[in-house]
Amino acid sequence: MAHLNLHQLTIHQLAGLLRSGECTSTQIVESVLQRIEAVEGKTNSYLSVFHDEALRQAEAADQVFKREKNPHILAGIPIAIKDLISLKGEKNTCASNILRNYISPFDSTAVRRLREAGTVFIGKTNLDEFAMGSSNENSCFGPAKNPWDLGRVTGGSSGGSAAAVAADECIGSLGTDTGGSIRQPASFCGVVGLKPTYGRVSRFGLVAFASSLDQIGPMAKDVKDAAIMLNCISGKDPMDSTSADVQAPDFTKSLAGDVRGLRIGAPIEYFAEGLDPEVEKAVKDGMERLKALGAEITDISLPHTSYALPVYYILSSAEASSNLARYDGVKYGYRSGEEEGLRKMYERTRKEGFGPEVKRRIMLGTYVLSSGYYDAYYIKAQKVRTLIRGDFDDAFKKCDVIISPVVPAPAFKLGEKMEDPLTMYLSDIYTMPVNLAGLPALSVPCGFNSSGLPMGMQLIGRRFDEETILRAAYAFETTTDFHKKKPLL
Amino acid sequence: MKISEKEVEHIARLSRLELEPEEKPRMAEQLGKILDYMAKLNELDTEGTEPTSHVLPIQNVFREDGVARHFAGADLMASAPKKDKGHYQVPKILGS
């Protein structure tokens, strides 16, 4: 095996080579580091790369392979981590000036589980500041760029995690998803991205944006790799009281490829005005492929779809304004203005530390929680959230999986939507209802448009039923080559 | 919905955010637009609908009290912008 191409392979392919002795973890990591050196200047996927430490971990993994018969499937595999997820001893900037020099003193649970599996951490990836954004342009370190067209956005907020996988700058990565932040960039960059059921993966060590919506999930080169990573990070954690006490199955067992009798629901509200015709065709073709494999397709209705965006922005901003109160220049991060007293120190620190989108959301969140507006906005939004959940509960009486586009159109140009926050927010209309309902969903590549930009198909499952969406996505993927195409960089 | 600059100042104060004078009209305009969009929710009758604050059916989560090793204070203090003898240092609060 020519070592030069190891970075292009999947977790399961590399796990095979590591076990047959055809390559070492050190060779994989060297290949990935060379790839990063070659293309990182174009993609800006990473905020930090752990060159020496990654090689040290690879060496340790190679020792494990000499000692043990069957190490964990992720042993020796280089994985990238979104720079919002704590990894001990390394920076966790959240792409914000307020945490520019902050070093995490502990591992998040997801990272700890990967570490115990023997994973090699290759670096921390770019994102929108505190995960607030849909294009990665709200990063204080500049945007990550789409490997398929460097003049276009990666999507966001997990833009760096998506671009790094698409550009073979890592083998897999972790992202986070509050309103679509894994699935939307996965769709824009042509990779697989899975948002688990709320509560499936511990949020301990994930810097909080909107606590009732945030989930960590895998971004990968194919469906099987996503299942492998999900296996590793799932499960109850005493450090996160919202992590659910639900036994996680072996998700790779769902990849049986048989979808006969599977009932697919196509939400009529998602195939409506505003959907790009090429995206619509690609997703409908995808459903036809599953139908040809024995699945049934029925139209379903999610009647409150058009209310999801206001609900999402009220609730996520309210939670964010509260969560981000901790950045006050006292315990960690940036500090400014202390010569003018405590209050000025808070206000100046936050003024200089936060970017415009984060400030806007803190202001919006504070407004909807403030006296006189709390019932009209915050409680009202929580009530409509109940109706949106109910839509999905009703739909899942008639189908086993819901299939839709991930985003109304493929990746847009850098700068195109920065002036108008509302237009930017609209790129998450098909993904944010899923977070409001706490359901699992994934994006799987389903084609390329006439300009060669990747498009994704969203599969939404019942609560704690990642198995069905993985099974359907895997069955679909095995009939296509979309996930095998590589961008020219 | 019209948001006045005075309201923007009030919200900024609650948010502990200093705004430049020229930022205020822009913030007022953007918040106004966003809140207009939010007003769409008033189309729905939610009388009798329970609010959802959380999708999981959990209330308070308790565990047995126990002694365990957590983080070393010094490791956490290392991140502080200013500290002295194991304490966080802030500007004088009383009488300021």
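Residues numbered from 1 in each chain as written. Chains lettered and ligands numbered in written order. Predicted model: local features only at pLDDT ≥ 70, side-chain atom pairs only at ≥ 80, totals over all residues. Heavy atoms only, no water.

## Notes on the sheet that holds strand 9 (residues 401-405) of chain A
All names here are of chain A.
So, point 1. Across the sheet, 11 strands lie side by side as 1-3-2-4-6-5-10-11-9-7-8; this open sheet has mixed pairing. Bordering the open sheet on either side are strand 1 (46-49) and strand 8 (296-300), each of which pairs with just one other strand. Here the average twist between neighbouring strands, direction ignored, is 30°.
So, point 2. Bridge analysis of strand 4 (residues 172-177) against strand 6 (residues 215-220) gives 6 bridges, and the strand direction is antiparallel. When the bridges of strand 6 are listed, Leu174 appears paired with Pro218. (Pairing = 2+ DSSP bridges. Helix = DSSP H or I, 4+ residues; strand = E, 2+ residues; numbered from the N terminus. Axes fitted to C-alpha atoms, helices over the stretch in contact; angles between N-to-C directions.)

## With respect to the domain arrangement of chain A
All names here are of chain A.
So, point 1. Assigned domains within chain A: domain 1 (3-262 + 404-484) and domain 2 (309-384).
So, point 2. Listed as interface residues are 25 residues of domain 1 and, on the opposing side, 25 residues of domain 2.
So, point 3. Here domain 1 and domain 2 share an interface that buries about 2200 Å² over both sides, 68% of which is from carbon and sulfur atoms.
So, point 4. Of all residues in domain 1, Ile98, Met132 and Tyr425 bury the most surface against domain 2, accounting for 31% of the area lost on that side.
So, point 5. Taken together, domain 1 and domain 2 are joined by 0 salt bridges.
So, point 6. Linking domain 1 with domain 2 are 11 residue pairs in polar contact (both at pLDDT 80 or more), by the criterion used here. (Domains from an automatic or database assignment. Contact = heavy atoms within 4.5 Å. Buried area = accessible area lost by both parts, 1.4 Å probe. Salt bridge = Lys/Arg side-chain N within 4 Å of Asp/Glu carboxyl O. Polar contact = N/O pair within 3.5 Å; in protein donor to acceptor, adjacent residues only side chain to side chain.)

## Some thoughts on empty space enclosed by the protein
Here the idea is plain: a probe the size of a water molecule rolls over the atoms and shows the empty space left.
All names here are of chain A.
So, point 1. Enumeration according to the criterion identifies 3 cavities of 30 Å³ or more in this entry.
So, point 2. The wall of the largest cavity is formed by Trp148, Val165, Ala166, Asp168, Cys189, Gly190, Val191, Lys221, His483, Lys485, Lys486 and Pro487.
So, point 3. Partitioning the lining of the largest cavity into residue classes produces 6 nonpolar, 2 polar and 4 charged.
So, point 4. Of the voids in this model, the second largest cavity is the one considered here, and its volume is about 60 Å³.
So, point 5. Every residue along the wall of the second largest cavity is listed here: Ala131, Gly133, Ser134, Gly156, Gly179, Gly180, Ser181, Phe209, Tyr312, Tyr313, Arg361 and Asp428.
So, point 6. Here the residues of the lining of the second largest cavity are counted per class, giving 4 nonpolar, 6 polar and 2 charged.
So, point 7. Both of domain 1 (3-262 + 404-484) and domain 2 (309-384) provide at least three residues apiece to the lining of the second largest cavity. (1 Å grid on protein atoms, 1.4 Å probe; cavity = no way out; pocket = protein on both sides within 12 Å on 5 of 7 lines; lining within 4 Å. Points joined across faces, edges and corners; volume = space filled by probe spheres on them. Nonpolar A, V, L, I, M, F, W, Y, C, P; charged D, E, K, R; others polar.)

## Considering the interface of chain B and chain A
Accessible area lost upon the coming together of the parts is a frequently used measure of interface size.
So, point 1. Contacts between chain B and chain A engage 54 residues on the former and 67 residues on the latter.
So, point 2. Buried surface at the junction of chain B and chain A, both sides included, amounts to about 5600 Å², of which 68% is carbon and sulfur.
So, point 3. Together, B:Glu18, B:Leu41 and B:Val55 form the three largest contributors to the area buried by chain B at its contact with chain A, with a combined 13%.
So, point 4. Counting across the chain B and chain A interface gives 6 salt bridges.
So, point 5. Of the charged contacts, one joins B:Glu20 and A:Lys351 as a salt bridge, the two residues approaching to 2.3 Å between their closest N and O atoms.
So, point 6. Taken together, the links from chain B to chain A amount to 22 residue pairs in polar contact (both at pLDDT 80 or more).

## Looking at the nonpolar core
Residue and element names in this part refer to chain A.
So, point 1. Ranked by size, the top nonpolar core spans 161 residues in total, and within it Ile122, Phe130, Phe392 and Leu459 carry the most contacts.
So, point 2. Broken down by element, the residue count for this core peaks at 9 residues, all from helix 9 (residues 308-323).
So, point 3. Both domains that furnish three or more residues to this core are identified here as domain 1 (3-262 + 404-484) and domain 2 (309-384).
So, point 4. One finds Val153, Ala411, Phe412 and Met424 within the second-largest nonpolar core, a separate group that totals 7 residues. (Core = buried A, V, L, I, M, F, W, Y, C linked by side-chain atoms within 4.5 Å. Buried < 20%, exposed > 50% of the residue type's maximum accessible area, 1.4 Å probe, protein only.)

## Re the confidence of the model for chain B
In low-pLDDT regions, the fine details of the predicted coordinates are not to be read closely.
So, point 1. On average, residues of chain B score 91 in pLDDT, and 98% of them reach the 70 mark or higher.
So, point 2. Looking over chain B, one finds the lowest element-wise mean pLDDT in helix 3 (residues 73-77) of chain B, namely 88, and the highest in helix 1 (residues 5-14) of chain B, namely 96. (pLDDT = per-residue confidence, 0-100.)

## Considering helix 2 (residues 25-43) of chain A
Residues and elements named next belong to chain A.
So, point 1. Maximum bend of helix 2: about 40°, positioned at Glu37.
So, point 2. Among the residues of helix 2, Ser25, Thr26, Ile28, Val29, Ser31, Val32, Leu33, Arg35, Ile36, Val39, Glu40 and Thr43 are the ones counted as buried.
So, point 3. Buried residues belonging to helix 2 abut helix 1 (11-20), strand 1, helix 3 (51-67), strand 2 (78-82) and strand 3 (120-125).
So, point 4. In the stretch just after helix 2, Asn44 is the one whose phi turns positive, near 55°. (Bend = angle between axes of the 7 residues up to and from the residue.)

## Some details on helix 2 (residues 23-38) of chain B
So, point 1. Between the first and last C-alpha of helix 2 of chain B there are 22 Å, a value that for 16 residues agrees with the 22 Å anticipated at 1.5 Å per step.
So, point 2. As for helix 2 of chain B, its buried residues are in contact with helix 9, helix 11 (356-369), helix 12 (374-395) and helix 13 (421-425) of chain A together with helix 1 of chain B. (Expected span 1.5 Å × (residues − 1).)

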